[in-house]
Amino acid sequence: GLNRTDVFKSDEVVIEKVAVAPSPSLLVGTAFSNLRMTLKSLSTFRESIPDRELFRAQIKKEYKRVRDILEWYPKLAHDFQLLVDTKGTAYFIDLDGHFSIAQHQNGTDERAAESLNILDLVIKNLTTTVEGKYEIACVN
């Protein structure tokens, strides 16, 4: 597999735009520790959404964009991390780690489907009128 020094020795250069994270925002990730943080923050974040209808419309667009990105590059699912702001915009974060993931990961398509499923459940929890209606299991 590749490690960070292999990436910097290659002929390819990766540039990642760095910006200040929106505040408040919700981390959505599939790793056990990230998912626990998501579940812990869900209620507080939900209450900070100023316009639920605007959020619902934007997060639906973002879900489709994330789905398209995962179809194009499913390896993102191996360290799936998004920040979602209160307007419903999703931001991929920690992208540099994906270049150190082994070239031949098993279960990539399954992990991409799992990532989309978790994002879908988070969206349902944030947009439904009954808090906690959809159960999200901590899986890794």
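We now turn to the structure provided with this report.

Calculation rules
- Residues numbered from 1 in each chain as written.
- Predicted model: local features only at pLDDT ≥ 70, side-chain atom pairs only at ≥ 80, totals over all residues.
- Heavy atoms only, no water.
- Buried < 20%, exposed > 50% of the residue type's maximum accessible area, 1.4 Å probe, protein only.
- Helix = DSSP H or I, 4+ residues; strand = E, 2+ residues; numbered from the N terminus.
- Pairing = 2+ DSSP bridges.
- Axes fitted to C-alpha atoms, helices over the stretch in contact; angles between N-to-C directions.
- Contact = heavy atoms within 4.5 Å.
- Expected span 1.5 Å × (residues − 1).
- Core = buried A, V, L, I, M, F, W, Y, C linked by side-chain atoms within 4.5 Å.
- Parallel < 35°, antiparallel > 145°, perpendicular 65-115°, else oblique.
- Left-handed = near helix turned anticlockwise from the far one by under 90°.

## Side note on the pairing of strand S1 (residues 25-29)
Counting buried positions along S1 yields 4 of 5 residues, so the element is predominantly enclosed. Where S1 meets strand S2 (residues 81-85), 5 bridges bridge the pair, whose relative direction is antiparallel. Within the sheet, the bridge partner assigned to Leu26 lies in S2 and is Val84.

## Some details on the sheet that holds S1
Read across the sheet, 3 strands follow the order S1-S2-S3 without closing on themselves; strand pairing throughout is antiparallel. Looking along the sheet, the strands with just one partner apiece sit at the ends: S1 and strand S3 (90-92). Taking the axes of each pair of neighbouring strands and ignoring which way they run, one obtains an average angle of 25° across the sheet. Contacts from helix H2 (residues 32-47) reach S1 and S2, with the element oriented near 150° to S1.

## Some details on helix H4 (residues 108-127)
Compared with an ideal rise of 1.5 Å per residue, which puts 20 residues at 28 Å, H4 spans 28 Å between its outermost C-alpha atoms and is within 8% of the ideal. Residues of H4 that are buried: Thr108, Ala112, Ser115, Leu116, Ile118, Leu119, Leu121, Val122, Ile123, Asn125, Leu126 and Thr127. The inward-facing, buried residues of H4 contact S1, H2, helix H3 (52-72) and S2.

## Section: the side chain of Asn34
Along the polypeptide, Asn34 turns up in helix H2. Setting aside residues up to four positions removed in sequence, Asn34 forms contacts with Leu27, Gly29 and Gln81.

## So, unusual backbone geometry
The residue after Ser23, namely Pro24, is reached through a cis peptide bond having omega 0°. Structurally, the position occupied by Pro24 is in the loop between helix H1 (4-9) and S1.

## Describing the environment of Leu27
Following the sequence through the fold, Leu27 ends up in strand S1. A relative accessible area of 14% means that Leu27 is categorised as buried. Contacts of Leu27, omitting those with residues within four sequence positions, involve Asn34, Met37, Thr38, Gln81, Leu82, Leu83 and Ile93.

## Digging into the side chain of Gln81
With respect to the secondary-structure elements, Gln81 resides in strand S2. The contacts of Gln81, once residues within four sequence positions are left out, are Leu27, Val28, Gly29, Asn34, Tyr91, Phe92, Ile93 and Asp94.

## Topic: the nonpolar core
Ranked by internal contacts, the top residues of the largest apolar core, which has 24 residues, are Val28, Val66, Leu70, Leu82 and Leu126. Contributions of two or more residues to this core are made by S1, H2, H3, S2, S3 and H4. With 7 residues, H4 is the largest single contributor of residues to this core. In contact with Val66, other than residues within four places in its own chain, are Phe80, Leu82, Phe92, Leu116 and Leu119.

## Digging into the packing of H2 against H4
Contact geometry for H2 and H4: axes closest at 10 Å, N-to-C directions at 20°. On the basis of the axis angle, H2 is roughly parallel to H4. Seen from above, H2 lies across H4 with right-handed handedness. On H4, the residues touching Leu35, Thr38, Leu42, Phe45 and Arg46 of H2 are Ile118, Val122, Asn125 and Leu126.

Don't take any of this as a statement about function, it's just geometry.
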